[in-house]
Amino acid sequence: VQLQACGGGLVQAGGSLRLSCAASGRTFSNYAMGWFRQAPGKEREFVAAIDWSGGLTTYTDSVKGRFTISRDNAKNTVYLQMNSLLPEDTAVYYCAADFRRSGGYSRNDGEYESWGQGTQVTVSS
C-alpha cells in the first residue's frame, strides 16, 4: 500500500492542524492505522492508532485530550486532528499501516509494514 501524508505546517502554540494520510493499493478498511512522530535528535515515537473500523483508538499520554485520530474508509484516509498544539509537538509526523492485524491496533512501530513520507509540524512558542 502507498501512503501519502499531508497537512503539516507552521503554527503558533495553542493552534490546530489536521493531518491527513491517503492510502492506495489495498483495501483500506482491512487494516489498522497509526501516527508516529520524530523530533530532531530523538527516536520515533508513537502518537495514536486506530483499528480497522474506527471504533477503537489509543493515544500516547502527552497528546490525550488534544489529538484525535479518525478514519474515513470510504475515502481511504486517516486523519489526525491536533488541537492546543505545544512547541514539544514539533516533529515530522508519519502515518503507517498494519496489514497483519485482524483486530485492534498496535503502539509498536515495528508492527507496521507500510509508511508514508512524513509531514513536518512546527509549533512556535
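Here the structure is a predicted model, which means the values were calculated and not measured.

Colleague: Please set out the overall build of the chain residue by residue, giving values where relevant.
Modeller: Scanning the chain for helices and strands turns up zero helices and 11 strands. Shown N-terminal to C-terminal, the secondary structure of the chain runs as helices and strands in the order β-β-β-β-β-β-β-β-β-β-β. In terms of overall size, the chain behaves like a compact globule, its C-alpha atoms giving a radius of gyration of 13 Å where 125 residues would be expected to give roughly 14 Å. Counting only C-alpha atoms, the chain reaches 40 × 25 × 25 Å along its principal axes. Sequence-distant contacts, at least 24 apart, represent 58% of the contacts inside the chain between residues at least 6 apart. Summed over its atoms, the accessible surface of the chain is roughly 6000 Å², and 44% of this surface lies on carbon and sulfur atoms. Treating the 12 positive side-chain charges of the chain as one cloud and the 11 negative ones as another, the clouds have centres 4 Å apart.

Colleague: Run through the sheet that holds strand S3 (residues 17-24), naming residues and quoting values.
Modeller: Taking strand neighbours across the sheet as the criterion, the four strands line up as S1-S3-S8-S7 in an open arrangement whose pairing is antiparallel. On the outer flanks of this sheet lie strand S1 (2-6) and strand S7 (67-72), each paired with one strand and no other. Each strand of the sheet is rotated relative to its neighbour by a mean of 15 degrees, with strand direction disregarded. Two elements, S3 and strand S8 (residues 77-82), share six bridges in a ladder whose sense is antiparallel. Across the sheet, residue Cys-21 finds its bridge partner in S8, namely Val-78.

Colleague: Hey, could you go over the state of the cysteines for me, with residue numbers and the actual values?
Modeller: Throughout the structure, instances matching the rule amount to one disulfide. The disulfide partner of Cys-21 is Cys-95, and the gap between their sulfur atoms is 2.1 Å. Every disulfide takes its handedness from the sign of the S-S torsion; for Cys-21 and Cys-95 that torsion is 60 degrees, giving right-handed. Highlighted residues: Cys-21 in strand S3 and Cys-95 in strand S9 (residues 91-98), separated in sequence by 74 residues. Under the relative-accessibility criterion, Cys-21 is labelled buried at 0%. Its relative accessible area of 0% is what places Cys-95 among the buried residues. Here Cys-6 stays free of any disulfide, with the sulfur of Cys-21 as its closest cysteine sulfur at 8.5 Å.

Colleague: If you had to explain the side chain of Asp-51 to someone new, which residues and values would you point to?
Modeller: Looking at where Asp-51 falls in the secondary structure, it is placed in the loop between strand S5 (45-50) and strand S6 (57-59). This buried residue, Asp-51, is left without a salt bridge; Arg-71 holds the nearest opposite charge, at 5.9 Å. For Asp-51, the side chain forms a polar contact with the side chain of Ser-53, separated by 3.0 Å. Once you skip the residues sitting within four places of it in the chain, Asp-51 turns out to touch Ala-32, Leu-56, Arg-71, Gly-104 and Tyr-105.

Rules and cut-offs
- Residues numbered from 1 in each chain as written.
- Predicted model: local features only at pLDDT ≥ 70, side-chain atom pairs only at ≥ 80, totals over all residues.
- Heavy atoms only, no water.
- Helix = DSSP H or I, 4+ residues; strand = E, 2+ residues; numbered from the N terminus.
- Rg over C-alpha atoms; globule rule 2.2 N^0.38 Å.
- Contact = heavy atoms within 4.5 Å.
- Areas by Shrake-Rupley, 256 points an atom, 1.4 Å probe, with all protein chains shown as cover.
- Lys, Arg positive; Asp, Glu negative; His and termini not counted.
- Charge placed at Lys NZ, Arg CZ, Asp CG, Glu CD.
- Pairing = 2+ DSSP bridges.
- Axes fitted to C-alpha atoms, helices over the stretch in contact; angles between N-to-C directions.
- Disulfide = S-S within 2.5 Å.
- Buried < 20%, exposed > 50% of the residue type's maximum accessible area, 1.4 Å probe, protein only.
- Salt bridge = Lys/Arg side-chain N within 4 Å of Asp/Glu carboxyl O.
- Polar contact = N/O pair within 3.5 Å; in protein donor to acceptor, adjacent residues only side chain to side chain.

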